[in-house]
Amino acid sequence: MNDLLSVKNLSVAYGEKTTVRNVSLRLAEGAIRCLVGTTGSGKSTVLHAVAGLLGAGARITGGSIVFCGEELSDATPSRMRELLGNRISLIFQNPENFFDPIMRIGDQFAEFLKYHDSSLQNAECADMTVKALAEMRLEEPERLLSLYPFELSGGMLQRCAIALAMLSKPRLLLADEPTSALDIVSQAKILGELKRLNRETGTAILLVTHSMKVATALDGLVSVMHDGEVVEEGFARDVLSQPKAAYTKELIHSLPDIEEMRLVE
Ligand SMILES: Nc1ncnc2c1ncn2[C@@H]1O[C@H](COP(=O)(O)OP(=O)(O)OP(=O)(O)O)[C@@H](O)[C@H]1O
Ligand SMILES: [Mg+2]
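Rules used throughout
- Residues numbered from 1 in each chain as written.
- Chains lettered and ligands numbered in written order.
- Predicted model: local features only at pLDDT ≥ 70, side-chain atom pairs only at ≥ 80, totals over all residues.
- Heavy atoms only, no water.
- Phe/Tyr/Trp six-rings, centres within 6.5 Å; stacked < 30°, edge-to-face > 60°.
- Buried < 20%, exposed > 50% of the residue type's maximum accessible area, 1.4 Å probe, protein only.
- Axes fitted to C-alpha atoms, helices over the stretch in contact; angles between N-to-C directions.
- Helix = DSSP H or I, 4+ residues; strand = E, 2+ residues; numbered from the N terminus.
- Parallel < 35°, antiparallel > 145°, perpendicular 65-115°, else oblique.
- Left-handed = near helix turned anticlockwise from the far one by under 90°.
- Contact = heavy atoms within 4.5 Å.
- Nonpolar A, V, L, I, M, F, W, Y, C, P; charged D, E, K, R; others polar.
- Salt bridge = Lys/Arg side-chain N within 4 Å of Asp/Glu carboxyl O.

1. Points about the packing of aromatic side chains
Part 1 of the reasoning: Across all of its chains, the model carries two aromatic pairs by this definition.
Part 2 of the reasoning: Both rings, one in tyrosine 148 and one in phenylalanine 150, keep their centres 6.2 Å apart while their planes meet at 10 degrees; by these two values the pair is stacked.
Part 3 of the reasoning: Assessed through its relative accessible area of 25%, tyrosine 148 is described here as partly exposed.
Part 4 of the reasoning: Judged by its relative accessible area of 64%, phenylalanine 150 falls in the exposed class.

Set out below in structure tokens:
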């Protein structure tokens, strides 16, 4: 099967310092892959490189990123803007950063919808938003339209962020620690929603997490990153039961409660 995303020998430097070295990973249509590693291992850098969101001080120094047959490592900013929020969507650790704090939820969805289709009327936007929020199993979605982000819990707001990210029916959802700021129950629920969305919509997911437990719960592929390199990859459950790299073993042994994460779907 053709890859949706193929990263080959990617290297990224911040200034003179190379922080991601020769990272390769593949993601088939509709697949899930987690990038797992401790802080500073380069996970977000890889995700930002794929999204074309590396900051001004960072540059890709080698390798390639091919999405749907298109080379993205040298894509122009305007091409990346076309892809983002369209065929590729993003969610982050803190959903508060995703939303404008002084704009009602409904208006933020309407703004996004009208950006993609300027012919849409307010009532149509409201209908589409309610449907998207209900799809993320948010209760009383009509009521949410008039609320501000701070009026929602972290879990609810992350559901709103996912609903917004999924509006364009992206082929690829990039998620950077989407559940790390949540309590354990909300975490399991949000991961359950991501798994369900993946199954029902076929949107592939590349998810960054420091937790092998999260990767195992999502039950897809995993790339273990350490010090800027991928040290091991495979199906999460195989890597968990038979880790090969010394670093992976360390990562697993630091998680005595590995069995406890059960997705809530
Ligand atoms: N804007 C930046 N300028 C300079 N160095 C950076 C920048 N962003 C990240 N780095 C460095 O690159 C390395 C990888 O960082 P990155 O954020 O990709 O790691 P991470 O695995 O996502 O970590 P975390 O789990 O803490 O989010 C780190 O050593 C970090 O200090
Ligand atoms: Mg990070």
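2. Looking at the packing of helix H3 (residues 105–116) against helix H4 (residues 122–135)
Each pair of packed helices can be described by the angle between their axes along with the distance between the axes.
Part 1 of the reasoning: As a packed pair, H3 and H4 sit with axes 9 Å apart at the nearest point and diverge in direction by 110 degrees. Judged on the interaxial angle alone, H4 and H3 are roughly perpendicular. The crossing of H3 and H4 is right-handed. Listed contacts from H4 to Phe109, Ala110, Leu113 and Lys114 of H3 are Asn122, Cys125, Met128, Thr129 and Leu133.
Part 2 of the reasoning: A breakdown of the residues in the contact of H3 with H4 according to their chemical character gives six nonpolar, two polar and one charged.

3. What to know about the side chain of arginine 33
Part 1 of the reasoning: Summarising the element assignment, arginine 33 is placed in strand S3 (residues 32–36).
Part 2 of the reasoning: Residue classification places arginine 33 among the buried positions, given a relative accessible area of 4%.
Part 3 of the reasoning: Contacts of arginine 33, omitting those with residues within four sequence positions, involve Leu25, Arg26, Leu27, Ile205, Leu206, Leu207, Leu221, Val222, Ser223 and Glu233.

4. Focus on the pattern of salt bridges
Part 1 of the reasoning: Across all of its chains, the model carries 13 salt bridges by this definition.
Part 2 of the reasoning: For glutamate 70, the salt bridge identified is with arginine 79, shortest N-O distance 2.7 Å.
Part 3 of the reasoning: In this structure, the salt-bridge partner of glutamate 193 is arginine 196, at a minimum N-O distance of 2.6 Å. With glutamate 193 and arginine 196 both in helix H7 (residues 184–201), this residue pair falls three residues apart, about one helical turn. Each member of the pair, glutamate 193 as well as arginine 196, carries the same accessibility label: buried.

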